[in-house]
Amino acid sequence: MIETSSAIDTVEQCWALIGHQQGRVWLGQRVQPTTGKPVSVEFDGQWVLEREERHGDIIGFCHTHPGGSPEPSTRDLQTMRAWVGSFGKRLLCLIEPGDLVTAFRFDDDGCQGIELSLCELSPGERFVVCE
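Analysis parameters
Residues numbered from 1 in each chain as written. Predicted model: local features only at pLDDT ≥ 70, side-chain atom pairs only at ≥ 80, totals over all residues. Heavy atoms only, no water. Helix = DSSP H or I, 4+ residues; strand = E, 2+ residues; numbered from the N terminus. Buried < 20%, exposed > 50% of the residue type's maximum accessible area, 1.4 Å probe, protein only. Contact = heavy atoms within 4.5 Å. Phe/Tyr/Trp six-rings, centres within 6.5 Å; stacked < 30°, edge-to-face > 60°. Lys, Arg positive; Asp, Glu negative; His and termini not counted. Salt bridge = Lys/Arg side-chain N within 4 Å of Asp/Glu carboxyl O. Core = buried A, V, L, I, M, F, W, Y, C linked by side-chain atoms within 4.5 Å.

Engineer: Sorry, what's going on with the environment of T10 here?
Structural biologist: In this structure, T10 sits in the loop between β1 (2–3) and β2 (13–22). Note on T10: relative accessible area 63%, which makes it exposed. Put simply, T10 and G67 are 57 residues apart on the chain and 8.0 Å apart in space, counted from C-alpha to C-alpha. Aside from chain neighbours lying at most four places away, what touches T10 is P38 and P66.

Engineer: Help me understand the packing of aromatic side chains, please; the structure alone is not making it clear to me.
Structural biologist: Ring pairs (aromatic) are described by centroid distance and by the angle formed between their planes. Evaluation of the coordinates by the stated rule reveals four aromatic pairs. Judged by centre distance (5.3 Å) and plane angle (50°), the ring pair of F43 and F61 falls under tilted. Of this pair, F43 sits in the loop between β3 (25–35) and α1 (45–55) while F61 sits in strand β4 (residues 58–64), placing them 18 residues apart in sequence. What makes F43 partly exposed here is its relative accessible area of 29%. A centroid spacing of 5.3 Å and a plane angle of 45° characterise the contact between F61 and W83, whose relative ring orientation is tilted. Note that F61 is positioned in strand β4 and W83 in helix α2 (residues 74–87), a separation of 22 residues in sequence.

Engineer: What exactly am I supposed to notice about the side chain of R81 here?
Structural biologist: Within the secondary structure, R81 sits in helix α2. An unpaired buried charge is present at R81: no salt bridge exists, and D108, the closest side chain of opposite charge, is 6.8 Å distant. Among all residues touching R81, those that are not within four sequence positions of it are D108, D109, G110, C111 and Q112.

Engineer: Before we go on, may I ask you to explain the nonpolar core in this structure?
Structural biologist: Looking at soluble globular proteins, one finds that nonpolar side chains tend to be buried together. Core analysis: the biggest nonpolar cluster contains 18 residues, and V48, I58 and F106 have the highest contact counts within it. Those elements giving two or more residues to this core turn out to be β2, α1, β4, α2, β5 (91–96) and β6 (100–106). The greatest single-element share of this core, amounting to five residues, is contributed by α2. Discounting residues that sit within four places of it in the chain, F106 has contacts with P72, L77, M80, V84, R90, L91, C93, C111, Q112 and G113. Ranked by size, the runner-up nonpolar core spans 13 residues in total, among them W15, W26, C62 and V129.

Engineer: Would you mind going over unusual backbone geometry with me for this structure?
Structural biologist: Glycine aside, residues mostly have negative phi angles, and peptide bonds mostly take the trans form. Even without a glycine there, the phi angle at Q32 is positive, about 55°. Looking at where Q32 falls in the secondary structure, it is placed in strand β3. Of the residues examined, Q32 reaches a relative accessible area of 30% and is grouped as partly exposed.

The structure is reproduced here in structure tokens:
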């Protein structure tokens, strides 16, 4: 878990995560930001699918939980399991409930999410997650 300097918004925001894994370290960048509604995230799934087909570098998703829990919600679990099953690879889920960020790894379509250490989140949307 790492603290951020952003203010709590009232609507959820979401980003796709692109990057790669080097051993026990995930290096990535938040891209393709979208804004949803209170307690409802929205993102461009078609863009994510096309990006994965072209580059194979989607490593997960990041989204906010304005004023909410740092843990994945039931909907987050369902969504992450579906993407892991579709892509056939492990993915990250970064959650920003306010002034902190939590990181979870999803290994398969039955995973509950394994909490990891977010080592760094820079203002340039780059991040490092350690297993």
